[in-house]
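# Descriptive structure summary
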Amino acid sequence: MMRALGSAIFAIDQFRVWNVDQINAYSGSTMETAARVALRVPVFGWFLKDAIHGAPDAKYYFMANLAVCFIAMIYFFGYPFLIVYALTATAVALVSLIILTASDMFRKGEDKDVAPKPAARGGRTR
């Protein structure tokens with residue numbers, strides 16, 4: 001019991017040190033904030049950190065773990081899990097489409113994509 005508690009405390013301590021050193025380097029945008037939040041989730045964040053900064057084959061183990069978790073959720077919860085997953089995926093896809101298409105509306109600074117006005121022909125002005 002004490003050995004398991006000591007291992008958990010050591011893992012949490014290492015996680016805290018990793019957050020201070022590496023995650024504080026990110027700042028600013030919404031995607032960076034989402035990345036920081038995802039990396040701070042205890043077990044998922046550890047697996048994700050290992051997939052990003054670990055061994056070259058760690059990303060394949062991460063994807064296999066996600067697939068196994070998805071299959072286990074289907075096994076334990078069945079059809080209701082599939083319905084909730086499909087509805088959630090639909091909402092995420094819709095929100096991401098809105099974000100991608102509305103990003104031009106919130107552009108900061110001068111718009112560089114606008115074509116210049118055409119010059120008048122023949123030198124005549126009205």
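Cut-offs applied
Residues numbered from 1 in each chain as written. Predicted model: local features only at pLDDT ≥ 70, side-chain atom pairs only at ≥ 80, totals over all residues. Heavy atoms only, no water. Helix = DSSP H or I, 4+ residues; strand = E, 2+ residues; numbered from the N terminus. Buried < 20%, exposed > 50% of the residue type's maximum accessible area, 1.4 Å probe, protein only. Areas by Shrake-Rupley, 256 points an atom, 1.4 Å probe, with all protein chains shown as cover. pLDDT = per-residue confidence, 0-100. Contact = heavy atoms within 4.5 Å. Phe/Tyr/Trp six-rings, centres within 6.5 Å; stacked < 30°, edge-to-face > 60°. Expected span 1.5 Å × (residues − 1). Arc of directions from axis to C-beta. Axes fitted to C-alpha atoms, helices over the stretch in contact; angles between N-to-C directions. Parallel < 35°, antiparallel > 145°, perpendicular 65-115°, else oblique. Nonpolar A, V, L, I, M, F, W, Y, C, P; charged D, E, K, R; others polar.

## Focus: the overall build of the protein
A tally of helices and strands in the protein yields five helices and zero strands. Sequence-ordered secondary structure for the protein, helices as α and strands as β, is α-α-α-α-α. Among the 126 residues that make up the protein, the fraction classed as buried is 10%. When the accessible surface of the protein is split by element, carbon and sulfur atoms take 68% of a total near 11200 Å².

## Let's talk about the confidence of the model for the protein
Scored by pLDDT, the protein comes out at a mean of 76, with 62% of its residues at no less than 70. Per-element confidence in the protein is highest for helix α4 (residues 58-77), whose mean pLDDT is 93, and lowest for helix α1 (residues 2-22), whose mean pLDDT is 48. Note that residues 8-18 has pLDDT below 50 and, in this model, eight contacts with residues that lie over four places away or in other chains.

## Regarding the packing of aromatic side chains
Counting across every chain of the model gives five aromatic pairs. Ring geometry for Phe 70 versus Tyr 85: centroids 4.9 Å apart, planes at 65°, classification edge-to-face. Of this pair, Phe 70 sits in helix α4 while Tyr 85 is found in helix α5 (residues 79-102), placing the two residues 15 residues apart along the sequence. Classification of Phe 70 as partly exposed rests on a relative accessible area of 29%. Ring centres of Tyr 75 and Phe 76 lie 5.3 Å apart, and the angle between their planes is 75°; on these two criteria the pair is classed as edge-to-face. For the pair Tyr 75 and Phe 76, one class covers both residues: exposed. An aromatic cluster of three or more residues is present, and its members are Phe 70, Phe 81 and Tyr 85.

## Overview of helix α3 (residues 42-53)
The end-to-end C-alpha separation of α3 is 16 Å, in line with the 16 Å expected for twelve residues at 1.5 Å each. The complete set of buried residues in α3 reads Gly 45, Leu 48 and Ala 51. End-on, the buried residues of α3 take up no more than an arc of 125°, which puts them together on one face. Looking at the buried positions of α3, the neighbouring elements they touch are α2 (30-40) and α4.

## Structural notes on the packing of α2 against α3
Orientation of α2 relative to α3, taken along the N-to-C sense of each, is 115°, at an axis distance of 6 Å. Classified by the angle between their axes, α2 and α3 sit roughly perpendicular to one another. Two secondary-structure elements touch here, α2 through Ala 38, Leu 39 and Arg 40 and α3 through Pro 42, Phe 44, Gly 45, Leu 48, Lys 49 and Ile 52. Taken together, the residues of the contact of α2 with α3 sort by class into six nonpolar, one polar and two charged.

## Looking at the packing of α3 against α4
Relative placement of two packed helices is described by the angle separating their axes and the distance separating the axes. For the pair α3 and α4, interaxial distance at closest approach is 8 Å and the crossing angle is 145°. Along its contact with α3, which presents Phe 44, Phe 47, Leu 48, Asp 50 and Ala 51, the element α4 presents Ala 58, Lys 59, Phe 62 and Leu 66. Looking at the contact of α3 with α4 residue by residue, the classes come out as seven nonpolar, no polar and two charged.

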